[in-house]
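# A structural walkthrough
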Amino acid sequence: MRDTVLLNYSASGTGMPVVMLHGFPLSSAIWASQQLNLSKKYFVITPDLRGHGLSPATEGIYDMDLLARDVLALLDHLHLTQVVIIGHSMGGYVALAAWHRSPERFLGLGLVGSQASADTEEGKKNRQKTAAKVAGGGGQVVANAMLPKLFASKHAANLPLIEGIEKIMVDTPTNGIIGSLNGMASRSDFDEELAEIDIPVLILSGEKDQIIPITKALAMAATIPEAILKIVPDAGHLPMIENPEATTKALDEFLSAIQASGYRLGPKGL
Ligand code: MLT
């Protein structure tokens, strides 16, 4: 794994390890409320993906498998054999790529506002156009395009919330944004593999998600054998921020069930 980078991360709590991956172009900061609350019961690790937050922003295409290997390398660094991985949106694409590569490292999988489908041809072209604009205009280009669609209408006037997310996007390095756009455009389609996922899975969506519609969540939940579906009210694409209490509760119920079923310590004794 010599092409992996050591990700910046925050870790707190003790107990069953839970890794929470953010979406594009965001950072580990989106999980602050969940980390604070869930770390009372679990060991919660929130990395910044490559090119986001304070992690190294290398040049080139950020293939979802490369981002997944960064995460798996972080698990090795922390001596964690098996974990639950929760991924938001692009973080969900990374979680699926990690599961595809190393299913034995998973105690459970959470997909939040995410999907298993690859981009359509039109979607790929749009990513290329956006990447070309970002080369000149930086993160503000993506912020301007995404912010009007990110939140449920209930939060449309919540400036502190909107400006907080805008700042994370604008602060994301250009390499990270372009690398991720190209990586998402070329990602694999996992729709056909969903039926093979034989671990507990949580599919969670904001009921007003305009970026990845909840029809994607419903279809995934209907296909994955051990899936639990949670639709969070008063939330769009960022349920962890728009309705943090309901999101934390759903995550806690999912994690408690895995714990109650007797998750075992891995061969390294962790
Ligand atoms: C994200 O929130 O991570 C992205 O919007 C996902 C995507 O563009 O497919």
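Before reading further, recall that the structure is shown in the block above.
A quick note: this is a predicted structure, and the numbers were derived from the prediction, not measured.

Analysis parameters
Chains are numbered independently. Their residues run from 1 in the order of the written sequence. For this predicted model, a pLDDT threshold of at least 70 governs which residues receive local features, and a threshold of 80 or more governs which side-chain atom pairs are given and counted, while totals over whole chains, interfaces and linings are taken from all residues. Water and hydrogen atoms play no part in the side-chain values, which are based on all heavy atoms of the structure. Interaxial angle, 0 to 180 degrees, is taken between N-to-C directions of lines fitted to C-alpha atoms, where a helix line uses only the stretch in contact. To qualify as a helix, a DSSP run of H or I must reach at least 4 residues; to qualify as a strand, a run of E must reach at least 2; elements of each kind are numbered from the N terminus. Roughly parallel means an angle under 35 degrees; roughly antiparallel, over 145; roughly perpendicular, 65 to 115; everything else is oblique. Throughout, a contact is declared for two residues whenever any of their heavy atoms are within 4.5 Å. By the convention adopted, Pro, Cys, Tyr, Trp, Phe, Met, Ile, Leu, Val and Ala count as nonpolar, Lys, Arg, Asp and Glu as charged, and the other residues, Gly among them, as polar. For two strands to be treated as a pair, DSSP must find at least two bridges joining them. To estimate how far a helix should extend, the number of its residues minus one is multiplied by 1.5 Å. For every residue, the accessible area obtained with a 1.4 Å probe (protein chains only) is divided by the maximum for its type, and the residue is called buried under 20%, exposed over 50%, and partly exposed between those limits. In this context, the arc is that of the directions from the helix axis out to the C-beta atoms. Site definitions follow a grid-based scheme: protein atoms alone, a 1 Å grid, a 1.4 Å probe that fits but cannot get out for cavities, and for pockets an open set with protein on both sides within 12 Å along at least five of seven lines, plus lining residues having an atom within 4 Å of a point. Grid points are joined across faces, edges and corners, and a volume is the space filled by probe spheres set on the points.

### Thoughts on the packing of helix H4 (residues 121-137) against helix H7 (residues 174-185)
Two elements in contact, H4 and H7, have axes separated by 9 Å at closest approach and are oriented at 170°. One way to sum up the angle between H4 and H7 is to call them roughly antiparallel. Along its contact with H4, which presents Lys124, Arg127, Thr130, Ala131, Val134 and Ala135, the element H7 presents Thr174, Ile177, Ile178, Leu181, Asn182, Met184 and Ala185. The class makeup of the residues in the contact of H4 with H7 is 8 nonpolar, 3 polar and 2 charged.

### Brief notes about the sheet that holds strand E4 (residues 83-88)
Strand order across the open sheet formed by 7 strands is E1-E3-E2-E4-E5-E6-E7, with mixed pairing between neighbours. Single-partner strands in this sheet number two, and they are strand E1 (9-12) and strand E7 (227-232). Going across the sheet, the axis of each strand differs from the next one's by a mean of 15°, ignoring polarity. Bridging between E4 and strand E5 (residues 106-112) involves 6 bridges; their strand directions are parallel. The partner of Ile86 across the bridge, within E5, is Gly110.

### Focus: H4
Note on helix geometry: an α-helix contains 3.6 residues per turn, so any two residues three or four positions apart are oriented the same way. The end-to-end C-alpha separation of H4 is 24 Å, in line with the 24 Å expected for 17 residues at 1.5 Å each. Buried within H4 are the following residues: Arg127, Ala131 and Val134. For H4, the angular spread of buried residues about the axis comes to 65°, placing them on one side. Across H4 from its buried face, at more than 90 degrees, point the exposed residues Glu121, Glu122, Lys125, Lys129, Ala132, Lys133 and Gly136. The elements touched by buried residues of H4 are helix H5 (139-150) and H7. In the segment just after H4, Gly138 is the residue with positive phi, at about 70°.

### Considerations on the layout of surface pockets
What the largest pocket holds in volume is close to 800 Å³. Forming the walls of the largest pocket are 28 residues, and the residues nearest its centre are Gly123, Asn126, Arg127, Lys149 and Ile211. Breaking the lining of the largest pocket down by element, the ones donating at least two residues are helix H3 (90-101), H4, H5 and H7. For the lining of the largest pocket, the class distribution of residues is 13 nonpolar, 9 polar and 6 charged.

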